[in-house]
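# Coordinates in review
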Amino acid sequence: MSRFTQELKVIPRAMRIIVAFVLLALSSAFTLFVMFSNDQGLAHTPEAAKLLMIVGVGIVPAIWLLLIGYVYADAKRRGMRYVMWTLLAIFIPNAIGIILYFILRDPLMKPCPGCSQVLKSGYTFCPLCGTSLLPTCPNCGRGVESGWANCPACGTKLPSPTPRAA
Ligand SMILES: [Zn+2]
Ligand SMILES: [Zn+2]
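Residues numbered from 1 in each chain as written. Chains lettered and ligands numbered in written order. Predicted model: local features only at pLDDT ≥ 70, side-chain atom pairs only at ≥ 80, totals over all residues. Heavy atoms only, no water.

### Observations regarding the coordination of the zinc ion (ligand 2)
What counts here: Donors, by definition, are the N, O and S atoms found within 2.8 Å of a metal, the threshold being 3.2 Å for Na, K and Ca, and water is not counted, so a site can look incomplete. Irregular is the default label, applied whenever a site is not tetrahedral (four donors, all angles between 85 and 135 degrees) and neither square planar nor octahedral (four or six donors, opposite donors over 155 degrees apart, all other angles between 65 and 115). Note on classification: 1.4 Å probe, protein chains only; a residue is buried when its accessible area is under 20% of the maximum for its type, exposed when over 50%, partly exposed between these limits.
Bound to the zinc ion (ligand 2) are the protein donor atoms C137 (SG), C140 (SG), C151 (SG) and C154 (SG), situated 2.2 to 2.3 Å from the metal. Geometry at the zinc ion (ligand 2) is tetrahedral, judged from the four donor atoms that bind it and their angles of 107 to 117 degrees at the metal. Of note, the zinc ion (ligand 2) draws all its donor residues from one chain, in the sequence arrangement C-x2-C-x10-C-x2-C. Judged by relative accessible area, C140 falls into the partly exposed class, the value being 35%.

### Structural notes on the domain arrangement of the chain
Here is the rule we go by: Note that domain bounds follow an automatic or database assignment of domains. Contact criterion: two residues are considered in contact whenever any of their non-hydrogen atoms come within 4.5 Å of each other. Two parts placed together each lose some accessible area under a 1.4 Å probe, and the buried area is that loss summed for both. We define a polar contact as two N or O atoms separated by no more than 3.5 Å, with the added condition that, inside protein, one atom must be a possible hydrogen donor and the other a possible acceptor, whereas residues neighbouring each other in sequence contribute only through side-chain atom pairs.
Parsing the chain into structural domains produces domain 1 (2–108) and domain 2 (109–166). Spacing between the C-alpha centres of domain 1 and domain 2 amounts to 41 Å. The interface is formed by five residues belonging to domain 1 together with four residues belonging to domain 2. Regarding the contact of domain 1 and domain 2, the summed buried area is about 380 Å², with carbon and sulfur atoms giving 45% of it. Contact with domain 2 buries surface across domain 1, with G79, P107 and L108 losing the most and accounting together for 71% of the total. For the interface between domain 1 and domain 2, the tally reads one residue pair in polar contact (both at pLDDT 80 or more).

### Some points on the coordination of the zinc ion (ligand 1)
Ideal values differ by geometry: the angle at a metal is 109.5 degrees with four tetrahedral donors, but 90 or 180 degrees with six octahedral donors. Taken together, the protein donors to the zinc ion (ligand 1) comprise C112 (SG), C115 (SG), C126 (SG) and C129 (SG), at separations of 2.3 Å. For the zinc ion (ligand 1), the four donor atoms in the first shell make angles of 105 to 113 degrees at the metal, so the coordination geometry reads as tetrahedral. Read from N- to C-terminus, the donor residues coordinating the zinc ion (ligand 1) fall into the pattern C-x2-C-x10-C-x2-C. In this structure C126 comes out as buried when scored by relative accessible area, which is 4%.

### So, the nonpolar core
Quick reminder of the rule: Residues belong to one nonpolar core when they are buried, are Ala, Val, Leu, Ile, Met, Phe, Trp, Tyr or Cys, and are joined through side-chain atoms within 4.5 Å.
The biggest cluster of nonpolar side chains holds 16 residues, and the ones touching the most others in it are V71, W85 and Y101. In contact with V71, other than residues within four places in its own chain, are W85, T86, A89, I98 and Y101.

### A few points about a nonpolar patch on the surface
Our working rule: Exposure above 30% relative accessible area and the absence of a salt bridge qualify a residue for a patch, where like charges join within 9 Å and nonpolar side chains (Val, Leu, Ile, Met, Phe, Trp, Tyr) within 5 Å. To be clear on the numbers: accessible area is Shrake-Rupley with a 1.4 Å probe, and residue cover counts the displayed protein chains and nothing else. Within this document, salt bridges are pairs made up of a side-chain nitrogen of Lys or Arg and a carboxyl oxygen of Asp or Glu, the two lying within 4 Å of each other. Secondary structure elements are defined from DSSP: runs of H or I of at least 4 residues count as helices, runs of E of at least 2 residues count as strands, and each element is numbered from the N terminus.
On the surface, W64, V83, L87, I90 and F91 cluster together into a nonpolar patch covering about 490 Å² of accessible area. Of all the elements, helix α6 (residues 82–91) adds the most residues to the nonpolar patch, at four residues. Position of L87 among the secondary structure elements: in helix α6. Look at L87 and you get partly exposed, because its relative accessible area is 42%.

### With respect to the packing of aromatic side chains
This is how the line gets drawn: Pairing of aromatic rings covers Phe, Tyr and the six-membered ring of Trp, with a centre-to-centre limit of 6.5 Å; geometry is then stacked below 30 degrees between planes, edge-to-face above 60, and tilted otherwise.
Going through the model one piece at a time under the given rule, you end up with five aromatic pairs. Residues F30 and F33 carry aromatic rings whose centres are separated by 5.9 Å and whose planes lie at 35 degrees to one another, so their mutual orientation is tilted. Residue F30 and its partner F33 are both found in helix α2 (residues 13–36); the two are separated by three residues, about one turn of the helix. Overall, the relative accessible area of 18% leaves F30 in the buried class. Ring centres of W85 and Y101 lie 5.5 Å apart, and the angle between their planes is 70 degrees; on these two criteria the pair is classed as edge-to-face. You can see W85 sitting in helix α6 and its partner Y101 sitting in helix α7 (residues 96–104), a full 16 residues away along the chain. Accessibility assignment for this pair places W85 and Y101 in one class, buried.

Next up, the structure:
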């Protein structure tokens, strides 16, 4: 749950305020509609159901707006093309743009341990200060993953990885 609330904080404050207003406006508009409508079906609807409709009418657009705000801010912090992704999230119907975003998004960027510049993941060395970010092959200098026995680029046997403490 704490991770979820943390992710919610990524959404820009302006967007959260807009969402609150939309929710309020839709609910009050619908309340007025229910109060002054001459619709026969509505007249026979129980009060509790009307209340549920008033609350529910704004929920879907509110969640949609929150997701778009999230895509915008999250794509930005991941160093992705956030304008393109925000537009895709808005204009592809049935939230398919938003779903695509969650499937295709890049991993989170991490700060360099040397100069604390925020970098895209996958770099072997920091492009600014040269700090090694991944283990490298002693022969060709390419990045290798811990647990690999041989370098995939030049075939050099890699120093055996230290066994993980149990
Ligand atoms: Zn650096
Ligand atoms: Zn190598």
